[in-house]
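Residues per chain are reported as follows:
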Amino acid sequence: MSCFRFDSLTLDGKIAHFTSVARRALPLFGFPKDATLKLLNFTENATFLVTFGISKVIMRVHRLYYTSVNSIRTELSFIRYLSKHTDLTLASPIPALDGSDVVTIATPALEEYRQVVCFSFVEGKAPCPDCDSNGGVGDLVAKVQKLPDAITYPAFKEAARLYDKFGKIGAEPLSEHDVQFFTRMGRIAATIHAASKEWKAPDYYERIEWDIDGTFGRYWNNFYGATYRNRKWLKDDEIAVLDRAVDLLKERLYRYRRTKDNYGMIHSDLRAANLLVNGDQVAVLDFDDCGRGWYMYEIAGIVALLEYTPQLPEMLLAIVRGYEEILPLTQKDKDEIMSFVLMRRIGMLQSLESRIGSVAAGEGESTELTPQILEFYAAGTIVQARQYLETYAVKPAASFAFAER
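**Thoughts on unusual backbone geometry**
A positive phi is found at serine 268, a non-glycine position, where the angle reads about 85 degrees. Among the structural elements, serine 268 can be located in the loop between strand E9 (263–266) and strand E10 (275–278). Serine 268 sits in the buried class, given a relative accessible area of 2%. The backbone of aspartate 286 shows a phi angle near 55 degrees, a positive value even though the residue is not glycine. Looking at the secondary structure, you find aspartate 286 in the loop between strand E11 (281–284) and strand E12 (291–294). Given the relative accessible area of 35%, aspartate 286 is considered partly exposed.

**Quick word on the packing of aromatic side chains**
By the definition in use, this model includes 13 aromatic pairs. With centroids separated by 5.9 Å and ring planes inclined at 65 degrees, the aromatic side chains of tyrosine 256 and phenylalanine 340 adopt a geometry described as edge-to-face. One end of the pair, tyrosine 256, is in helix H8 (residues 236–256); the other, phenylalanine 340, is in helix H12 (residues 337–355), and 84 residues separate them in sequence. What links up through ring pairs into an aromatic cluster is the set Phe78, Trp199, Tyr205 and Phe287. Over the face of the ring belonging to tyrosine 66 we find arginine 63, whose NZ or CZ atom lies 3.4 Å from the ring centre. Stacked on the ring of tyrosine 263, the Lys or Arg arginine 258 has its end atom at 4.0 Å from the ring centre.

**Looking at the nonpolar core**
Judged by nonpolar contacts, the single largest core of 95 residues is most densely connected at Phe182, Trp294, Met296, Tyr323 and Phe340. With ten residues, H12 is the largest single contributor of residues to this core. Apart from the residues within four sequence positions on either side, methionine 296 is in contact with Tyr256, Tyr323, Leu329, Asp333, Ile337 and Phe340. Grouped together as the second largest cluster of nonpolar side chains are 24 residues, Ile15, Phe31, Val50 and Val103 included.

**Let's talk about the pattern of salt bridges**
Evaluation of the coordinates by the stated rule reveals 19 salt bridges. In this structure, arginine 63 and aspartate 289 form a salt bridge, with 3.4 Å as the shortest nitrogen-oxygen distance. Of the two residues, arginine 63 is situated in the loop between strand E3 (55–61) and helix H3 (69–85) and aspartate 289 in the loop between E11 and E12; the sequence distance between them amounts to 226 residues. Exposure remark for aspartate 289: the relative accessible area of 15% places this residue in the buried category. Its salt-bridge partner being arginine 114, residue glutamate 112 comes within 2.7 Å of it at the nearest N-O pair. The same class applies to glutamate 112 as to arginine 114, namely buried. Through salt bridges with shared partners, one network takes in Arg60, Arg63, Glu75, Asp288 and Asp289.

Cut-offs used in this document
- Residues numbered from 1 in each chain as written.
- Predicted model: local features only at pLDDT ≥ 70, side-chain atom pairs only at ≥ 80, totals over all residues.
- Heavy atoms only, no water.
- Helix = DSSP H or I, 4+ residues; strand = E, 2+ residues; numbered from the N terminus.
- Buried < 20%, exposed > 50% of the residue type's maximum accessible area, 1.4 Å probe, protein only.
- Phe/Tyr/Trp six-rings, centres within 6.5 Å; stacked < 30°, edge-to-face > 60°.
- Lys NZ or Arg CZ within 6 Å of the ring centre and 35° of its normal.
- Core = buried A, V, L, I, M, F, W, Y, C linked by side-chain atoms within 4.5 Å.
- Contact = heavy atoms within 4.5 Å.
- Salt bridge = Lys/Arg side-chain N within 4 Å of Asp/Glu carboxyl O.

Function cannot be inferred from these measures alone, as they are strictly geometric.
Below, the structure written as structure tokens:
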């Protein structure tokens, strides 16, 4: 199986290919060949809304080299366990006509085989916390995209630094709407983890690990081997800052250890983009990144892309309060939350690097992934790393109590 021919396609060409794969998969699930396909998201995978008559289903066409058939089967097994043993609202896997959960579509011209799965359709809209201003970055990108890279790259890097310096002055407290949202997210995370502790992995279990190697592995990691040590986006002194922060982070997590109480199956990407709200109901979607990891990494995933906001301590406090309504946390757990926030942030930077040219705007993404956005995100990651070093290098046992202020 080769991804080189696929990678040579334009963004429009990649979307057209995913659409072709989805259409060829329709009859294998018993859906009409002329069903309507609407692309909802194209990040790593492509997600389509399939409509025929009054029926709607969701189809996911998988990326290459990230999951195997058994890995996808494991994901679906975990979803079915959560559906049966929790009160979470989830999209249910839909088997193909032959009873299998996963179908494989061959494309000889590209020398590849892609996996396709389907889920039940869930009504709702992605929530938008009041504190989430990421859409503004996308709007700004759209306005300056015609400017030369030599102008826009430094401008976006400086924007990240200026936001950190001035954006927190006079910041408003977290709204009651957001307090309730993040509290509920804490309860959802804890519900998943409580079930994780009871779930028995199937014999065919295969999933990625959200551990230190999964994020920082030099030769391979969960981001196709992409590394933050990329001089296209960062200078040598900035890479050195991240190196020091990662060394400190690793030291703290080695002391934190992995135990049955703090490590298990997690969703790993509980961002608002992976939720649907319909009245009082919140549906949790997209378990494509689920795997074993530290439970506190899940909390970091909830605030991914929001780490720069001045309300971050309040968000984390609300999440923890909601979490502890379901499961207890030790002070040691709480003390490492910021380690996982930085770990998730650096992982996201590497993920963005690996996805340049392969992300289109959709219902879960505010804008196409551009070099300008990556430049903004990279600079912001350096700011986060410096803050982490200042806090945790001076106070190795820094307490989560900062969020109580």
